[in-house]
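Each chain, written out:
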Amino acid sequence: MSQHNPKHPAMPDALSTQEGAGHSGLSSGRADLLSSQRLLQGRRQLQIEHMGEIYTLRVTSKGKLILTK
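Residues numbered from 1 in each chain as written. Predicted model: local features only at pLDDT ≥ 70, side-chain atom pairs only at ≥ 80, totals over all residues. Heavy atoms only, no water.

## Side note on the overall build of the protein chain
Argument step 1. Each helix and strand in the protein chain was counted, giving one helix and three strands.
Argument step 2. Listed by position from the N terminus, the elements making up the protein chain come as α-β-β-β.
Argument step 3. Burial status across the protein chain gives 16% buried among its 69 residues.
Argument step 4. The long-range share in the protein chain, meaning contacts at least 24 apart out of those at least 6 apart in sequence, stands at 13%.
Argument step 5. Per element, the accessible surface of the protein chain, about 5,900 Å² overall, is 52% carbon and sulfur. (Helix = DSSP H or I, 4+ residues; strand = E, 2+ residues; numbered from the N terminus. Buried < 20%, exposed > 50% of the residue type's maximum accessible area, 1.4 Å probe, protein only. Contact = heavy atoms within 4.5 Å. Areas by Shrake-Rupley, 256 points an atom, 1.4 Å probe, with all protein chains shown as cover.)

Here it is as structure tokens:
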């Protein structure tokens, strides 16, 4: 299960960066891949503000991610 889609079409270009450019949260080998571990930083949930709306990203008891408004 370690295969990744080579280019995720929903990933905004604003998160893209050159490898080694120092953006924390972006994996070292992929400019368009954001690690959930780096994003969550040990938390089970976090809130994300997007276009004036608040969303909650949480990890389920089985390790899946759920994003709710």
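## Points about the pairing of strand E2 (residues 53-59)
Argument step 1. Inspection of the sheet shows strand E1 (residues 45-50) paired to E2 by six bridges, in the antiparallel sense. Among the inter-strand pairings, Gln 45 is bridged to a residue of E2, identified as Arg 58.
Argument step 2. Turn length for the E1-E2 hairpin, with the two strands adjacent in sequence and antiparallel, is two residues, and the turn residue Met 51 shows positive phi of about 50°. (Pairing = 2+ DSSP bridges.)

## Digging into the sheet that holds E2
Argument step 1. An order of E1-E2-E3 is seen for the three strands of this open sheet, with the pairing classed as antiparallel. Since the sheet does not close on itself, it has two edges, and those belong to E1 and strand E3 (65-68), each with one partner. Taken over all neighbouring pairs, the strand axes of this sheet differ in orientation by 20° on average, direction set aside.
Argument step 2. Relative to E3, E2 runs antiparallel, the two sharing four bridges. Paired with Leu 57 across the bridge in E3 is Leu 67. (Axes fitted to C-alpha atoms, helices over the stretch in contact; angles between N-to-C directions.)

## Remarks on the side chain of Thr 60
Argument step 1. Considering the arrangement of structural elements, one finds Thr 60 in the loop between E2 and E3.
Argument step 2. Leaving out residues up to four positions away in the same chain, Thr 60 has contacts with Arg 44 and Ile 66.

## Let's talk about the pattern of salt bridges
Argument step 1. The tally for this structure, following the rule as stated, stands at one salt bridge.
Argument step 2. Lys 69 is the salt-bridge partner of Glu 53, the closest N and O atoms lying 3.8 Å from each other. One end of the pair, Glu 53, is in strand E2; the other, Lys 69, is in the segment after E3, and 16 residues separate them in sequence.
Argument step 3. Under the relative-accessibility criterion, Lys 69 is labelled exposed at 68%. (Salt bridge = Lys/Arg side-chain N within 4 Å of Asp/Glu carboxyl O.)

## Considerations on the confidence of the model for the protein chain
Argument step 1. Mean pLDDT for the protein chain: 74, with 58% of residues reaching 70 or above.
Argument step 2. A low-confidence stretch, residues 1-22 stays under pLDDT 50, and its non-local contacts, those more than four residues away or across chains, total 18 contacts. (pLDDT = per-residue confidence, 0-100.)

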